[in-house]
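The lines below spell out each chain.
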Amino acid sequence: MAKIGKNVKIGDNTTIYDNVEIGDNTIVCNDCILGEPFNDYYSDMDNYENPPTVIGPNSLIRSHTLIYADNIFGEGLHCGHRATVREKSRFGEHCSIGTLCDIQGYSVFGDYVRMHSNVHIGHFSKIGNYCWIFPYTVFTNDPTPPSEICVGPTVGDYSIVATHCLLLPGVKIGQHCLIGACSMVSKDVPDYQVVVGSPGKVVKDIRSIKDRETGEAHYPWPFRFDRGMPWKGIGYEEWLNQQH
Amino acid sequence: MAKIGKNVKIGDNTTIYDNVEIGDNTIVCNDCILGEPFNDYYSDMDNYENPPTVIGPNSLIRSHTLIYADNIFGEGLHCGHRATVREKSRFGEHCSIGTLCDIQGYSVFGDYVRMHSNVHIGHFSKIGNYCWIFPYTVFTNDPTPPSEICVGPTVGDYSIVATHCLLLPGVKIGQHCLIGACSMVSKDVPDYQVVVGSPGKVVKDIRSIKDRETGEAHYPWPFRFDRGMPWKGIGYEEWLNQQH
Amino acid sequence: MAKIGKNVKIGDNTTIYDNVEIGDNTIVCNDCILGEPFNDYYSDMDNYENPPTVIGPNSLIRSHTLIYADNIFGEGLHCGHRATVREKSRFGEHCSIGTLCDIQGYSVFGDYVRMHSNVHIGHFSKIGNYCWIFPYTVFTNDPTPPSEICVGPTVGDYSIVATHCLLLPGVKIGQHCLIGACSMVSKDVPDYQVVVGSPGKVVKDIRSIKDRETGEAHYPWPFRFDRGMPWKGIGYEEWLNQQH
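Residues numbered from 1 in each chain as written. Chains lettered and ligands numbered in written order. Predicted model: local features only at pLDDT ≥ 70, side-chain atom pairs only at ≥ 80, totals over all residues. Heavy atoms only, no water.

## Here we look at the overall build of chain A
Now for step 1: Check the secondary structure of chain A and you find two helices and 29 strands.
Now for step 2: Expressed along its principal axes, the backbone C-alpha trace of chain A runs to roughly 60 × 50 × 30 Å.
Now for step 3: A burial count over chain A gives 59% of its 244 residues as buried.
Now for step 4: Put simply, 25% of the contacts in chain A that link residues at least 6 apart link residues at least 24 apart.
Now for step 5: Accessible surface, chain A: about 9700 Å² in total, of which carbon and sulfur atoms supply 48%.
Now for step 6: On chain A, the mean spot of the 20 positive side-chain charges and the mean spot of the 28 negative ones are 8 Å from each other. (Helix = DSSP H or I, 4+ residues; strand = E, 2+ residues; numbered from the N terminus. Buried < 20%, exposed > 50% of the residue type's maximum accessible area, 1.4 Å probe, protein only. Contact = heavy atoms within 4.5 Å. Areas by Shrake-Rupley, 256 points an atom, 1.4 Å probe, with all protein chains shown as cover. Lys, Arg positive; Asp, Glu negative; His and termini not counted. Charge placed at Lys NZ, Arg CZ, Asp CG, Glu CD.)

## So, the relation of the copies chain A and chain C
Now for step 1: Superposition record for chain A on chain C: RMSD 0.0 Å, screw rotation 120°, translation along axis 0.0 Å. The superposition operator between the copies reduces to a three-fold rotation axis. Considering only C-alpha atoms, the residue of chain A closest to the rotation axis is Tyr136(A), which sits at 4.5 Å. (Least-squares fit on C-alpha atoms with pLDDT ≥ 70 in both.)

## Quick look at the interface of chain A and chain C
Interface size, as often reported, equals the accessible area lost upon joining of the parts.
Now for step 1: With 38 residues of chain A at the interface, the matching set in chain C holds 32 residues.
Now for step 2: Taking both partners together, chain A and chain C bury about 2700 Å²; carbon and sulfur atoms supply 56% of that area.
Now for step 3: In terms of surface lost to chain C, no three residues of chain A exceed Tyr42(A), Pro145(A) and Pro146(A), which account for 23% of the buried area on that side.
Now for step 4: Summed over the shared surface of chain A and chain C, the number is one salt bridge.
Now for step 5: We note a salt bridge from Arg227(C) to Glu148(A), for which the minimum N-O separation is 2.8 Å.
Now for step 6: Viewed at the interface, chain C and chain A are joined by 19 residue pairs in polar contact (both at pLDDT 80 or more).
Now for step 7: Mapped by element, the contributors of at least two residues to the side of chain A that touches chain C are strand S6 (33-36), helix H1 (39-43) and strand S9 (66-68) of chain A. (Buried area = accessible area lost by both parts, 1.4 Å probe. Salt bridge = Lys/Arg side-chain N within 4 Å of Asp/Glu carboxyl O. Polar contact = N/O pair within 3.5 Å; in protein donor to acceptor, adjacent residues only side chain to side chain.)

## Notes on the sheet that holds S9(A)
Residue and element names in this part refer to chain A.
Now for step 1: Ordered in space as S3-S6-S9-S12-S15-S18-S21-S24-S27, the nine strands form an open sheet in which the pairing is parallel. Two strands bound the open sheet, and with one partner strand each, they are strand S3 (15-16) and strand S27 (184-185).
Now for step 2: Pairing of strand S18 (residues 120-121) with strand S21 (residues 138-139) involves two bridges; the strand directions are parallel. Bridge pairing in S21 links Ile121 to Phe139. (Pairing = 2+ DSSP bridges.)

## What about the environment of Ala162(A)?
All names here are of chain A.
Now for step 1: Topologically, Ala162 is positioned in the loop between strand S23 (160-161) and strand S24 (166-167).
Now for step 2: Separated by 82 residues in sequence, Ala162 and Gly80 place their C-alpha atoms 18 Å apart.
Now for step 3: Excluding residues that lie within four positions of it along the chain, Ala162 makes contacts with Phe134, Thr137, Ile179, Gly180 and Ala181.

## Considering the side chain of His218(A)
Now for step 1: When you line up the elements, His218(A) lands in the loop between strand S29 (201-205) and helix H2 (236-243).
Now for step 2: Here the side chain of His218(A) touches Asp211(A) through a polar contact of 3.3 Å, side chain to side chain.
Now for step 3: The residues contacting His218(A), other than those within four sequence positions of it, are Ile209(A), Lys210(A), Asp211(A), Arg224(A), Thr144(B) and Ile149(B).

## Here we look at the interface of chain A and chain B
Now for step 1: Taken together, the contact between chain A and chain B spans 32 residues of the former and 38 residues of the latter.
Now for step 2: Taken together, the two surfaces of chain A and chain B that pack against each other cover about 2700 Å², and 57% of this comes from carbon and sulfur.
Now for step 3: The largest contributions to the chain A side of the interface with chain B come from Arg82(A), Tyr136(A) and His164(A), which together make up 21% of the buried area.
Now for step 4: Residues belonging to the side of chain A that touches chain B are distributed by class as follows: 14 nonpolar, twelve polar and six charged. (Nonpolar A, V, L, I, M, F, W, Y, C, P; charged D, E, K, R; others polar.)

## Observations regarding the packing of aromatic side chains
Now for step 1: Using the criterion set out here, one finds 69 aromatic pairs over all chains in the structure.
Now for step 2: Each ring, one from Trp132(A) and one from Phe225(A), has its centre 5.6 Å from the other, and the planes form 85°; the classification is edge-to-face. One end of the pair, Trp132(A), is in strand S20 (residues 132-133); the other, Phe225(A), is in the loop between S29 and H2, with 93 residues separating them in the sequence. One exposure class covers both Trp132(A) and Phe225(A), and it is buried.
Now for step 3: Measuring from centroid to centroid gives 5.0 Å for Phe223(A) and Tyr236(A), while their planes differ by 90°, and the two rings are edge-to-face. You can see Phe223(A) sitting in the loop between S29 and H2 and its partner Tyr236(A) sitting in helix H2, a full 13 residues away along the chain.
Now for step 4: One Lys or Arg, Arg86(B), reaches over the ring of Tyr68(B) and ends 4.4 Å from the middle of that ring.
Now for step 5: Taking NZ or CZ as reference, Arg114(B) lies 6.0 Å from the ring centre of Trp132(B), over its face. (Phe/Tyr/Trp six-rings, centres within 6.5 Å; stacked < 30°, edge-to-face > 60°. Lys NZ or Arg CZ within 6 Å of the ring centre and 35° of its normal.)

Function cannot be read off these values alone, since they describe shape.
Encoded structure:
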């Protein structure tokens, strides 16, 4: 049985499997599947028990999205169209998963993780809070394919991975890093570093990137960007102070 | 209310929202959504008014395609499977949008634009007439992500962007250019130039590319290719003369 | 009429067109389309005859997958979600096609070909037995786009093409090769070679790759990996002997 909160809207032709819990005020659009059962369901339907899936309140899940059982999402999830989320990941609050994203599962996401369209996250990835991942970026996990080794990448808080990047298995990216478009990250990246190229190399400190017109620093980005962020209205510095 | 032309065929489980106009002789296959409403629809359904969406006559929209409201397409649109077209773009005649394309919206497309599978077009892109965009190519628009700056790339008439390319925010590609596979375009490209590499560099004039066997020039391509083009049967030169 | 084997399960909202044959014990999940007809069907429905499509026994086809008519699959096909398989390919036994793969058709696949998510295979590709193709890899076929020339790549038995690669038209990759992540293969690759870079260069013999901890050779991979392979339990060497 599913557990549907108050004021939840569910679109046509959406299927919700057993043991799915949907928080209040959530919108699920057309043609979605929530709580997709594991393989055993198809081979032994009579004895299969679907593990719990939790969609937090105030979420918006757009059409054709498919979320497997055994995923837990905090409040304010935003899902684009045709996202695929395989089993056994944990997501913080206010995450966003773009159109055509393919989350392979067994991964951990912090709060306010923003994945744009068509991001591929392999098994055992770890993504911190306030991270941005741009289209066609892939997190890999097998250093010598095919094998039974599986070590996902790690991305620290506030870091940005631009479009068309590839993170090699097990790389660790620090906090407040920027991985430039079309980079292949093959080594660990210390905090505040900018990496470009394939293989990627550290080219500068992110704090040295200035706006060409104003000469002001662009990064760390929370000082100049607040759309959808918890520091909206009060500013990042004030918000940081309030956290302590 | 939707306005459906003569001899239009609409597949099973296809949803057509308010204010969609479909031209004569158009085929819409199974499981499509046309005129998908904006976010406000979900938050305030009673007061929401869907802006107009126009699909020109003689179009073919394949299964699972999703087109948001406030898009205008000229006649002869061809859409592959699972294309996603967000709001507020304008398309000329005889455009083609491949399987899994993700058009983010607020963009302008000329006539006879051919997008192959899995092309991603960010906001505020401008694509001329008779352009070819190949799979996994991405048009980006944010020079310092995340930010509120949004400047899309521009591609001139007859230009070709091959597979797995990335256009950085605001780059301008001239007419009759060829961007080679796996290139990242970071600077403007003058007319008739061939760019390869990451970052991309101009390597030659497109008119110098010869067929290995015949020694004839391959480009400008309209002289030797006419499938689906308006100069079919009469030749590009004669057709050009007729335009004046 | 379709021909459905014994103990076949078919999910909700799945459409099966004329002349599709499904082998015993196969599972087809929700929202799939099998035997999608060619264009002529839409223009002249009365005279259209759908060519045969064969799905072998013991297959699993996950939700939202679309398979055109005139495809033949051997037994044990595994299909992820939202795979698209256009017309006229031939697949051996135990192939696997990942989520969001886009197989353009007119291609030949051996036995035990493993395509991970979001692989794009252009027309006239040839992939041998026991090949692995990783996400966002693209097989191209037009050397001077746009043109009417169409020459697909060839990949030999046991070869591996890692994530985010591009194979240029007509390249031939030998047996037991490894194409590293983010490579663009522009030349033929002899057996047992490792290629990296864009354009890709041969950097070593695959048999020289050792495990850092144990010092043992990782490749040829069949000696140390058997999940889902016909040599499971008996070992690759013994299995090879049995083949003769």
